[in-house]
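Given next are the chains, with one letter for each unit.
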Amino acid sequence: MKRFLLVPLFLTTIFSSISDDQSRVSIFHQLYGVPYSPELAQPNSLKALDFHAPERAVERWYTHKFGDSSNTRARLITDNMEAWYARWHLLQSARKTIDIQYFIVKDDIFGHAMMGILLKKARAGVQIRLMVDDFGTGSLVKSEYGGEFLKELVKTGNVHVKVFNPRMSLGAFLKMPITLNFFKDISVVLASNHDKIMIVDSKRTIVGGRNISKDYLADEKDNEKAYRDTDVLLEGEDVISQIQVAFEEEYVRLKNQEILSEEAIDQEKVRYLFLAAKVMKRWMSSESMLNPEAVPALAHIIEELNEKISKFSLLKNYSTWVPFQGQRELPVTILDKNSRASAEVKDEIGPTLLELVENAEEEIIIQNAYVVLSDIGKEALTRAVERGVRLVLLTNSPQSSTLDTLVVQAVFARDLRDIVEVMPPEVQIYGRTGSHLHAKVFIIDGSITVIGTYNLDQQSERVNSEIVAMIKSRDFAQRNRLLVEKDLAQTTRYQVIRDENGKIIKRVLPSLNKGWIKDKLFFLLGKVGALFRPLI
């Protein structure tokens with residue numbers, strides 16, 4: 001027995017005498033018969049990429065297909081509060097027109113403040129078009145106060161509000177005939193406008209993953225449920241004309257319903273929205289809060305709004321924020337995709353992403369909230385890896401999927417497990433263990449970056465409308481790579497480790513990490529949930 005007790009002491013002595021961490025890990029692998037790989041032993045990180053290399057194939061591909069006109073300024077925005085400052089600045093600067101499409105506009109202080117500034121601008125003569133999705137923004141559209149707020153915007157005469165693809169009633173849904181096209185019909189019913197677009201005066205726009213809500217626009221220290229996301233602020237005639245076309249197709253031609261109101265103006269709701277915008281602006285500019293006692297008739301509203309905004313203690317630096325800080329003009333292209341509810345078939349995103357993968361020579365980085373690869377996607381990525389391309393996938397783990405129900409978590413975890421099992425072993429697949437990842441970013445060969453709303457799942461690929469910006473710039477790609485590498489510090493690498501004979505030694509796969517029984521039930525839930533994928 002004493003001999004066995006001496007073994008840990010012996011190993012500890014040897015390990016402590018070795019100063020090099022990599023050597024320690026190597027010895028550990030040899031002692032336990034596990035093949036040593038320096039790459040697996042390193043902390044989660046990206047390999048260095050030569051940003052001074054000659055022109056890459058993917059850059060030549062971009063120039064051939066889209067030209068090389070560099071007339072768009074692009075600012076990368078990953079900080080949630082900066083994302084809100086950017087949107088607020090756009091709205092404040094509007095003089096003629098504002099066009100907005102969002103999947104989600106929450107019935108919270110951020111949603112109310114945005115509607116308040118829209119109301120102010122409309123009364124100043126700015127022409128405004130706002131479209132929200134019925135599924136994503138249903139709580140606002142259907143709530144007693146939220147729906148009435150939207151009607152108050154309409155009553156100005158300068159605001160047109162539409163709801164994309166209003167859902168049929170439950171009774172009508174249950175009466176749908178069970179035919180061979182049943183699931184196709186369901187996808188049309190459930191199709192959403194997943195776009196996030198804000199265009200002001202046909203000069204500037206912002207696109208990306210964020211919706212209008214405290215979960216997307218507040219700092220994680222102020223809101224523990226805040227998401228990690230990415231946007232890009234754009235300025236330039238070419239890019240504006242492209243995104244304007246995308247807006248018009250969804251707003252004018254596709255399946256939506258306009259909100260109308262001939263009722264008298266509700267002064268209390270108007271005051272609420274005006275005050276929400278005023279409270280927000282004063283708070284962000286580090287000015288004193290509104291004093292409820294100064295306006296007794298509105299004291300209850302002011303107190304309510306002051307309490308709501310005071311929860312965001314870090315949202316205080318708007319007065320020093322500027323939209324662009326020396327950003328050079330770059331080649332930028334907007335890619336659009338229509339929803340299943342549209343009679344017109346249009347998908348510029350999926351085929352372009354496949355072409356990017358086929359032209360990659362060194363590295364593909366995919367940072368996405370969901371990774372559910374189609375057979376075509378798996379084959380294209382596998383071919384890239386076989387060509388020697390380094391593939392990095394960063395997505396959510398069950399621990400970070402706070403946005404989703406347990407069933408959705410289980411289904412996507414099951415899909416991710418399958419990807420880990422079938423993809424070549426050199427593929428780096430990471431699950432985020434920190435806050436929920438909502439960004440949708442693709443970086444090809446440190447040269448082309450795609451940022452937008454496109455998830456790697458069936459909803460984005462087949463059902464919803466989506467929009468992305470594609471930027472050709474090594475500097476821009478490098479900034480994104482550095483942020484992705486920073487994110488890797490809060491991840492678990494999923495992998496299947498094999499010995500030299502190909503025998504599996506260890507699996508590190510997505511799980512709840514709450515014990516064997518719960519993990520097995522979670523896995524079974526994913527199998528059952530996959531049967532209802534058209535509804536997820």
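My aim in this report is to walk through the structure given alongside it, one point at a time. Quick caveat, the model's predicted, so the values are computed rather than measured. (Residues numbered from 1 in each chain as written. Predicted model: local features only at pLDDT ≥ 70, side-chain atom pairs only at ≥ 80, totals over all residues. Heavy atoms only, no water.)

Another aspect to go through is the sheet that holds strand E17 (residues 491–498). Strands in a sheet are paired, the pairing made by backbone hydrogen bonds, and the direction either parallel or antiparallel. Within the open sheet, the 9 strands sit side by side as E10-E16-E15-E14-E11-E12-E13-E17-E18. Their pairing is mixed. Looking at strand neighbours, the two that pair on one side only are strand E10 (332–337) and strand E18 (504–508), the edges of this open sheet. Here the strands of the sheet are splayed against their neighbours by 15° on average, with no regard to which way each runs. Bridge count between strand E15 (residues 448–452) and strand E16 (residues 466–472): 5 bridges; the pairing is antiparallel. The residue of E16 that forms the bridge with Ile448 is Lys472. (Pairing = 2+ DSSP bridges. Helix = DSSP H or I, 4+ residues; strand = E, 2+ residues; numbered from the N terminus. Axes fitted to C-alpha atoms, helices over the stretch in contact; angles between N-to-C directions.)

Here the structure, examined in full by the defined rule, presents 27 salt bridges. Lys269 serves as the salt-bridge partner of Asp266, at 3.0 Å between the closest nitrogen and oxygen. Here Glu358 makes a salt bridge to Arg383, at a shortest N to O gap of 2.4 Å. Pair noted here: Glu358 is in helix H15 (residues 349–359) and Arg383 is in helix H16 (residues 375–386), with a separation of 25 residues, a long-range link. On the basis of relative accessibility, which here comes to 34%, the residue Glu358 falls in the partly exposed class. Taking the relative accessible area as the measure of exposure, Arg383 reaches 38% and is therefore partly exposed. A cluster of three or more residues bridged by salt bridges with shared partners is formed by Arg73, Arg204 and Glu235. (Salt bridge = Lys/Arg side-chain N within 4 Å of Asp/Glu carboxyl O. Buried < 20%, exposed > 50% of the residue type's maximum accessible area, 1.4 Å probe, protein only.)

Turning our attention to the nonpolar core. Core analysis: the biggest nonpolar cluster contains 69 residues, and Trp84, Phe110, Met280 and Leu315 have the highest contact counts within it. Broken down by element, this core gets its largest block of residues, 10 residues, from helix H13 (residues 267–284). When sequence neighbours within four positions are dropped, the list of residues in contact with Met280 reads Trp84, Trp88, Ile109, Phe110, Ala113, Ile309 and Leu315. Ranked by size, the runner-up nonpolar core spans 38 residues in total, among them Leu234, Ile365, Leu437 and Leu488. (Core = buried A, V, L, I, M, F, W, Y, C linked by side-chain atoms within 4.5 Å. Contact = heavy atoms within 4.5 Å.)

Honestly, it's all geometry; don't read function into it.
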